[in-house]
2 protein chains.
Amino acid sequence: MDRKVINNLRSLSLDMINDAQSGHPGICLGAAPIMYTLFANHLNFNKVDGNWLNRDRFILSAGHGSALLYSTLLLSGYPIEISDLKKYRQINSKLQGHPELSRELGIEMTTGPLGEGFATSIGFAIAEEYLRSILGSTIVNHFTYVLVSDGDLMEGISYEAMSLAGSLGLGKLIVLYDSNSTCLDGNINKTFKENVLKRFEASGWHTEQVVDGENILLINKAIENAKSILNKPSIIEIKTIIGKGSIFEGSNKTHGKPLDEKDYLLLKKKLGYENTFYHISKDSTIYFREKQEKRIEPIYNEWVKNYNEIYQSNENVKKILNYLENNTYELNLKKVKIHLEEGESEELRVSNGKLMNLLSDLLPLTMSVSSDLFTSTKTYFENGGDFSEVNRKGKNIYAGVRENLMGAIINGLALNNIRAFGSTFLTFSDYMKPSQRLAALMNLSSTFIFTHDSIMIGEDGSTHQPIEQLSMLRSIPNMITFRPADIKEVVGSWDFIINNKKPVNIVLAKDKIKNLVGTKIEGVEKGAYIVKEPFRISAIILASGSEVSTAIDISDELLNKGYGIRVISVPSLELFDMQDEEYKKELIPLGSKVIVIEASNDKSWYEYIYNKKYLLNIKDFGTSGKKVDVLKHFEFDFDSLIKKIEQLIK
Amino acid sequence: MDRKVINNLRSLSLDMINDAQSGHPGICLGAAPIMYTLFANHLNFNKVDGNWLNRDRFILSAGHGSALLYSTLLLSGYPIEISDLKKYRQINSKLQGHPELSRELGIEMTTGPLGEGFATSIGFAIAEEYLRSILGSTIVNHFTYVLVSDGDLMEGISYEAMSLAGSLGLGKLIVLYDSNSTCLDGNINKTFKENVLKRFEASGWHTEQVVDGENILLINKAIENAKSILNKPSIIEIKTIIGKGSIFEGSNKTHGKPLDEKDYLLLKKKLGYENTFYHISKDSTIYFREKQEKRIEPIYNEWVKNYNEIYQSNENVKKILNYLENNTYELNLKKVKIHLEEGESEELRVSNGKLMNLLSDLLPLTMSVSSDLFTSTKTYFENGGDFSEVNRKGKNIYAGVRENLMGAIINGLALNNIRAFGSTFLTFSDYMKPSQRLAALMNLSSTFIFTHDSIMIGEDGSTHQPIEQLSMLRSIPNMITFRPADIKEVVGSWDFIINNKKPVNIVLAKDKIKNLVGTKIEGVEKGAYIVKEPFRISAIILASGSEVSTAIDISDELLNKGYGIRVISVPSLELFDMQDEEYKKELIPLGSKVIVIEASNDKSWYEYIYNKKYLLNIKDFGTSGKKVDVLKHFEFDFDSLIKKIEQLIK
């Protein structure tokens, strides 16, 4: 009967892929026994309550196996119908080409870009440890399972994940490795000959090997062993055959495109589904679901009982649970008292760090992560403690020099309703782009903090001076980027971050920045606003970040020469873009002479200027030197800028 | 006397960092004995001929140790003066904050972003194996050494490098691991507890450990052992103490900023350089250089003799050597015969693959790399063979699912005058950004080929449909991005690639594309040109890639309605930007009504339009579906576009 379910999974997957004429049959055929064993015997979930706090998590890191996942979820009783399968990969389908986050359907996250699922699972496992430590193990105590492919394990981010998970001893993390020795371009021996289990072992993991991926008893036993090891993460290498049953089984020909018609029909017959399409075997499905229900129901009921008891009796836990349920904070930062008088200066990263510490003390369920730059980015939670093997309550996570993993961890925490803030230098956002894109795709509350935001960092030189990164970050759809001008705008940015569940970048100068006259906390939410207004307007300067202060000084200077400059601070181009035309025209009346100052090469500013002469920016890579010298070198110092601007408005 | 050189290196490094009040003393103090041993006893170089073909390569992957590198190069006799050291990290200095490519100075590549140096060394080692196999080992037979830090080894890209180097058995690669157990945020045990040597071993490496980094005999012996192992890459873990000699030795306090004055002076005294600044010890420097010269001179002279002999006698080798020396190809593709008639269609990736194969057969010293997508990107060199442990002449490199490493390998090959072309899907450029930035920083001939370039890939869905990637690629300074409209423009793009040594992206549709009437191979070099001209111009459409064909069709259709549309194909925004005003105005006369069509969200097009309504593009993430359905969904199908355009020009 087990076999019947497995073949039903295979048959459904094939039908979907064949109908769509698009998809990846190889993994669906090869990994079906793994999925079956996991869902039948181990994974604790609730198909009608996808948000059950204590469900085991399952992530299909090899997202191209989506058809297999959808089949498994359907047979398990999630709200997926045959009619949905028939729309697989088609327009407006809830079953997208690669799995997309939907707790209702049992999809814990969006996957597809290889390695990302595995890396994000580290965030899941950290969340579990942390929540268990603060809520108690009657409320949180579950496993996180991930299915990975050879391709997943080749991506650098997956090694980063392996390394950190081992270092942190994340014992409730279990990786199921669909080891079929085949990638898109053929046998992996062309490029991937390492002893995978040995290197996981070297990184502090418990390892298991299943030599025959068709043998569900062996798979089952290995999962049981892995579950019993609680001080180390586990990986189970399961030797499977890609495209199992196809004429081309074992070959990359089954990897990335549908089987040909003949092969498909022949295999359907072999599987026991000749001439039946989208057929669900009744008896085996009942068998499958009974196995699940028999196991899960008592656990779930017991959990609900315990939960209610604790919820009623423990005020502290109740408060945290409420946050966890809603993941909404109501915290109006607009009235916050700022410790800096107007005119006083402080390094903006320091101001930001102080505010983050304030927030951390006020808000439960926040964590701070850094890719080995806490010391420089100043985002360490002073009262938070370090998350480690021995301190699961720690709120600071040392991600190591692993930016992409850090991004994935932040996403994983966000997916478990913990607000996570990750910091590195702006240049190194380059390493994190894949994770940031996923944050945006899933619309997570992930916050990315980037300090050292321009050529003004000086001596570290071109490799460390960001130029094009603002452009990159602002180009990610569904993401908001803030580049605050001063401490008030830092507060305004965090007001947005806390009160909106959106993926956000906050980009900060390393340097001392004055608390400016004219800036406003509440100015930030519209993306742009007037910070300095002359009696008569000769021109308008738009600026962001540290350049706002320069723009104000320029405006003062030019007033002496008879030019009135309106200065508009633009902490977020994206938010400004969302405002109505009226507001935009109020700020920038039609026909105005507009000049932009920003130490980046972002061209989206072209929207607001007449021609590119009016964009005063940095077009080339940076260079080493003291800040003042570097600015002069790029003719971006005060004197050069004012000269250029005078020319432009004359 | 050895000790004296080592302490001189330390003293000079400290002086530089102290003067600049910026830099990383920790690694300079800790790793000086490693650098000394390598340069004194092993590294074969020629300080007056930095381009010596058979020099050993040395890459400082831990680029923050720049002061130590510069000191070592100065003491070794490279053209670096005390006056240069005094300008360390200052404006217009040849000694930048992090090392920047300069063969004259003995700097093989720009480093700083961690992991990149190590990953690029894989490209160096492949180049060595390949060149040795085709030129013979009397001409090419050298080692590639890399110094890596803990931070380097945490970055995902370094695991990718480890994995592939082991799989390919790159025996002439030797990694010196400065293992000081300290990263910027403190002891690595917070985040990096793996057994590094064991995991390298698991990946097919030879490993050595030196328990005392002050013991140069042990370091020396380990390097000798590593050199004797020729079928596996080697890593030598050398246990050092960060900030050796400082009051804070062993602590991250010595990592990223200058020692404080007292500590600095005290340590100078300990090192034997009390009250002397930028002092070069005469006797020990003579000793150091004599060791080098005694070893290297006979090798170099012998090599020159052999080289000349072979150069004179072997025509085939001579030809390759000439290419290798100049790295310039003169190949005019403008007259190439295209196999597709105008009006005929072919998948653009297929057209591109055919052309690449033609080039590969015509040009020596070209290699093709793919991150497990040869099958899809069609960039495999059919006559090239696979580069592998047993076939060092192979011209196709299977990089595995490791895009960032692929980028680094391409850079490494380019740095050794092999033209390398790497391919993946456009979305996955996300993973490769750090390596691409370095290609641009170093101005290498690296070519990045991206297929599957828009939402039109259809069924794979949002994770695989690029939206913002064009914006990201075009934002990288000093890089040229092509998005050809058809086969002729593909040829034009390659004409640029072959005849210019520039970092280039070429972005290709997956779909069948007609060889268009109106496009021109030679149109590409100016970045934009007219492909369709009406009798009277009502509006101008700018488009790139597959949208050019659509624009031409729209222009035909609207002509029937009485509107004359000039269609301008823009294969490269960057190249168009470089043209003079006259040419730009010829194409886009002042006051023209300009509309842009591009299936991306790149906002740099704003430069050419009146307001954003005139930019017809894709602003949000994609979705699964058949191409036609996806286009409709985004109102980017022919009918929707023509309706919008009619509205705009009415």
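Residues numbered from 1 in each chain as written. Chains lettered and ligands numbered in written order. Predicted model: local features only at pLDDT ≥ 70, side-chain atom pairs only at ≥ 80, totals over all residues. Heavy atoms only, no water.

## Structural notes on the sheet that holds strand β1 (residues 57–60) of chain B
Residue and element names in this part refer to chain B.
And then number 1: Strand order in the open sheet formed by 5 strands is β1-β2-β3-β7-β6, and the pairing between neighbours is parallel. The open sheet has two edge strands, β1 and β6 (206–210), and neither has a second partner. The mean angle between the axes of side-by-side strands here comes to 15°, regardless of whether they run parallel or antiparallel.
And then number 2: Where β6 meets strand β7 (residues 234–239), 5 bridges bridge the pair, whose relative direction is parallel. Among the inter-strand pairings, Glu-208 is bridged to a residue of β7, identified as Ile-236.
And then number 3: In the packing of helix α2 (residues 25–41) onto the sheet, contacts are made with β1, β2 (144–149), β3 (173–179) and β7, and the angle to β3 comes to roughly 150°. (Pairing = 2+ DSSP bridges. Helix = DSSP H or I, 4+ residues; strand = E, 2+ residues; numbered from the N terminus. Axes fitted to C-alpha atoms, helices over the stretch in contact; angles between N-to-C directions. Contact = heavy atoms within 4.5 Å.)

## Description of the relation of the copies chain B and chain A
The two chain copies are connected by a rotation around an axis plus a translation along it.
And then number 1: Screw-axis analysis of chain B against chain A gives a translation of 0.0 Å along the axis, an RMSD of 0.0 Å, and a rotation angle of 180°. The superposition operator between the copies reduces to a two-fold rotation axis.
And then number 2: Comparing interface residues between copies, 100% of those in chain B also lie at the interface in chain A; the contact surface is shared. (Least-squares fit on C-alpha atoms with pLDDT ≥ 70 in both.)

## What to know about the packing of helix α5 (residues 116–135) of chain A against helix α12 (residues 315–326) of chain A
Packed helix pairs are characterised by how far apart their axes lie and by the angle those axes make with each other.
Residues and elements named next belong to chain A.
And then number 1: Packing of α5 against α12 brings their axes to within 10 Å, and their N-to-C directions diverge by 150°. The angle between α5 and α12 places the two elements in the roughly antiparallel class. On the side of α5, the interface is formed by Leu-131, Ile-134 and Leu-135, while α12 contributes Val-317, Ile-320, Leu-321 and Leu-324.
And then number 2: Across the contact of α5 with α12, the residue classes break down as 7 nonpolar, no polar and no charged. (Parallel < 35°, antiparallel > 145°, perpendicular 65-115°, else oblique. Nonpolar A, V, L, I, M, F, W, Y, C, P; charged D, E, K, R; others polar.)

## Examining the nonpolar core
In a soluble, globular protein the nonpolar side chains are often hidden away together inside.
And then number 1: Ile-122 and Trp-494 of chain A together with Ile-122 and Trp-494 of chain B are the most contacted members of the largest nonpolar core, which totals 429 residues.
And then number 2: Those residues in contact with Trp-494 of chain A that lie beyond four places of it in its chain are Leu-333, Asn-352, Leu-355, Met-356, Leu-359, Phe-421, Thr-447, Ile-449 and Ile-506 of chain A. (Core = buried A, V, L, I, M, F, W, Y, C linked by side-chain atoms within 4.5 Å. Buried < 20%, exposed > 50% of the residue type's maximum accessible area, 1.4 Å probe, protein only.)

## So, the interface of chain B and chain A
And then number 1: Taken together, the contact between chain B and chain A spans 100 residues of the former and 100 residues of the latter.
And then number 2: When the buried surface of chain B facing chain A is broken down by residue, Tyr-431, Arg-437 and Phe-621 of chain B rank first, second and third, together holding 9% of it.
And then number 3: The interface formed by chain B and chain A includes 18 salt bridges.
And then number 4: A salt bridge links Asp-460 of chain A to Arg-89 of chain B; the nearest nitrogen and oxygen atoms lie 2.9 Å apart.
And then number 5: Across the chain B-chain A interface, the total number found is 76 residue pairs in polar contact (both at pLDDT 80 or more).
And then number 6: Where the side of chain B that touches chain A is concerned, the elements lending two or more residues are α6 (150–154), α7 (156–168), α8 (196–202), α14 (374–377), α15 (403–415), α16 (429–442), α17 (469–475) and α22 (627–633) of chain B. (Buried area = accessible area lost by both parts, 1.4 Å probe. Salt bridge = Lys/Arg side-chain N within 4 Å of Asp/Glu carboxyl O. Polar contact = N/O pair within 3.5 Å; in protein donor to acceptor, adjacent residues only side chain to side chain.)

## Some remarks on the packing of aromatic side chains
And then number 1: Enumeration over the complete set of coordinates arrives at 55 aromatic pairs over all chains.
And then number 2: Pairing Phe-425 of chain A with Phe-428 of chain A gives two aromatic rings, centres 6.1 Å apart and planes at 25°, and the pair type is stacked.
And then number 3: Taken together, Trp-52, Tyr-300, Trp-303, Tyr-307 and Tyr-311 of chain A form an aromatic cluster joined through their ring pairs.
And then number 4: When the ring centre of Phe-143 of chain B is taken as origin, the NZ or CZ atom of Lys-172 of chain B, which lies over that ring, is 4.8 Å away.
And then number 5: The ring centre of Tyr-583 of chain B lies 4.5 Å from the NZ or CZ of Lys-526 of chain B, which sits over that ring. (Phe/Tyr/Trp six-rings, centres within 6.5 Å; stacked < 30°, edge-to-face > 60°. Lys NZ or Arg CZ within 6 Å of the ring centre and 35° of its normal.)

## Points about the domain arrangement of chain A
All names here are of chain A.
And then number 1: Domains assigned within chain A are domain 1 (2–298), domain 2 (333–514) and domain 3 (526–649).
And then number 2: Look at where the C-alpha atoms of domain 1 and domain 2 centre, and you get two points 33 Å apart.
And then number 3: At the junction of the two partners, domain 1 supplies 29 residues and domain 2 supplies 28 residues.
And then number 4: When the two sides are added together, the surface that domain 1 and domain 2 hide from each other amounts to roughly 2500 Å², 66% of it contributed by carbon and sulfur.
And then number 5: Summed over the shared surface of domain 1 and domain 2, the number is 1 salt bridge.
And then number 6: Salt-bridge contacts for Arg-392 lead to Glu-129; the nearest nitrogen and oxygen are separated by 3.2 Å.
And then number 7: Looking at the side of domain 1 that touches domain 2, the elements with two or more residues in it are α5 and α7 (156–168).
And then number 8: Top contributing element to the side of domain 1 that touches domain 2 by residue count: α5, with 13 residues.
And then number 9: Tallied by class, residues from the side of domain 1 that touches domain 2 come to 15 nonpolar, 8 polar and 6 charged. (Domains from an automatic or database assignment.)

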